[in-house]
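# Residue-level structural notes
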Amino acid sequence: MAIKVGDALPGDVKLKEMTDGGPKDVSLKELTAGKRVVLFAVPGAFTPTCSAKHLPGFVREEAALRAKGIDEIVCVSVNDAFVMGAWGKASGADGKVRMLADGNGDFTRAVGLELDASGFGMGKRSQRYGMVVKDGKVEQLHVEPGAGLNVCSAESMLAKL
């Protein structure tokens, strides 16, 4: 069953973030404590829509999102921390969007938003979505109903704040 507005994020799932010292664990429970966070997920780093539109939109709109009371902007993908780190650097996300890896898909499964992209040779991935999390609880959730980028783009999320 998919997570919904009002639900708490799963507290026991760790994501990975690339640092100068290598990958480190990140607890979304700790990251969202006392904060308002935009968390968006993509099917895959370096994939066409994700690289051309989704992530760049959040990089571009970072200041506007923060001006609306967002403390952190987080991108999650079922990729490893090395790939997420490289994608963040290549996309100019450093200091704007935190790039968190859900390498085994544990978080994606825990929130019930897994996508079977085996037909594209990508295995199990995340659906494309965006959520606003306030102090660990889902305040808004916008899951793309199909292909494309409409309900969870940076511009769309910004308009809903």
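Predicted model only: the values in this text are computed from it and were never measured.

Secondary structure summary: the chain contains six helices and nine strands in total. For 161 residues, the compact-globule formula gives about 15 Å, and the C-alpha radius of gyration of the chain, at 14 Å, lands near that figure. Its C-alpha atoms give the chain principal-axis dimensions of about 40 × 35 × 30 Å. Per-residue burial over the chain gives 48% buried out of 161 residues. For the chain, restricting intrachain contacts to residue pairs at least 6 apart in sequence, the fraction spanning at least 24 positions comes to 64%. As displayed, the chain offers around 7400 Å² of accessible surface, 52% of which is attributable to carbon and sulfur atoms. Computed over 21 positive and 20 negative side-chain charges, the inter-centroid distance for the chain is 3 Å.

Counted according to the given criterion, the structure contains two aromatic pairs. Where F40 meets F58, the ring centres are 4.0 Å apart and the plane angle is 10°; that geometry is what we call stacked. Here the residue F40 occupies a position in strand β3 (residues 36–42), and F58 occupies one in helix α2 (residues 48–60), the gap between them amounting to 18 residues. Of the residues examined, F58 reaches a relative accessible area of 0% and is grouped as buried.

This part is about unusual backbone geometry. Of note, the phi angle at F46 is positive, near 65°, even though the residue is not glycine. Within the secondary structure layout, F46 lies in the loop between β3 and α2. Taking the relative accessible area as the measure of exposure, F46 reaches 46% and is therefore partly exposed. Backbone geometry at D135 places phi at a positive 50°, although glycine is not the residue there. Among the structural elements, D135 can be located in the loop between β8 (129–134) and β9 (137–143).

A sheet is described by the order of its strands in space; here seven strands give the open sequence β2-β1-β5-β4-β3-β8-β9, paired in mixed fashion. Strands with a single pairing partner mark the edges of an open sheet, and in this sheet they are β2 (22–27) and β9. The sheet shows a mean angle of 30° between the axes of neighbouring strands, taken without regard to direction. Judged from the six bridges that link them, β3 and strand β4 (residues 72–77) form a sheet pairing that is parallel. Within β4, the position partnered with F40 by the bridge is C75. Against the sheet, α2 contacts β3, β4, β5 (98–101) and β8, and its axis sits at roughly 175° relative to β3. Here helix α4 (residues 81–90) sits on the sheet and contacts β1 (14–19), β2, β3, β4 and β5; the angle it forms with β5, its principal contact strand, is near 160°.

Ranked by internal contacts, the top residues of the largest apolar core, which has 23 residues, are F40, L55, F58, C75, W87, V97 and M99. For this core, the secondary-structure elements that each account for two or more residues are β3, α2, β4, α4, β5 and α6 (154–159). Ignoring anything within four residues of it in the chain, the contact list for V97 reads F40, L55, F58, V59, I73, V74 and C75. Counting residues in hydrophobic clusters, the runner-up holds 20 residues, among them I3, V37, A41 and F107.

Criteria and thresholds
- Each chain carries its own residue numbering, running from 1 in the direction its sequence is written.
- Under the rules for a predicted model, residues below a pLDDT of 70 receive no local features and side-chain atom pairs below 80 are neither given nor counted, while totals for whole chains, interfaces and linings still include all residues.
- Calculated side-chain values reflect all of the structure's heavy atoms, with hydrogen atoms and water omitted.
- Put simply, DSSP marks the helices as runs of H or I at least four residues long and the strands as runs of E at least two long, and each gets a number from the N terminus on.
- For the radius of gyration, the atom set is restricted to C-alpha positions; the globular benchmark scales as 2.2 Å times the number of residues to the power 0.38.
- Buried residues are those whose accessible area, probed at 1.4 Å on protein chains only, stays under 20% of the maximum for their type, while exposed residues exceed 50% and partly exposed ones sit between those limits.
- Contact definition: two residues touch when any of their heavy atoms are within 4.5 Å.
- The Shrake-Rupley method, run with a 1.4 Å probe sphere, supplies the accessible areas, and residue values consider only the shown protein chains as cover.
- When charges are counted, neither His nor the chain ends are considered; positive counts come from Lys and Arg and negative counts from Asp and Glu.
- The location of each charge is read from NZ of Lys, CZ of Arg, CG of Asp or CD of Glu.
- Pairing of aromatic side chains requires ring centres within 6.5 Å, counting the rings of Phe and Tyr and the six-membered ring of Trp. Pairs whose planes differ by under 30 degrees are stacked, by over 60 edge-to-face, and all others tilted.
- Only strands that DSSP links by at least two bridges are regarded as paired with each other.
- The angle between two axes is taken between their N-to-C directions and runs from 0 to 180 degrees, where each axis is a line fitted to C-alpha atoms and a helix contributes only its stretch in contact.
- Residues grouped as a nonpolar core are buried Ala, Val, Leu, Ile, Met, Phe, Trp, Tyr and Cys residues, joined through side-chain atoms within 4.5 Å.

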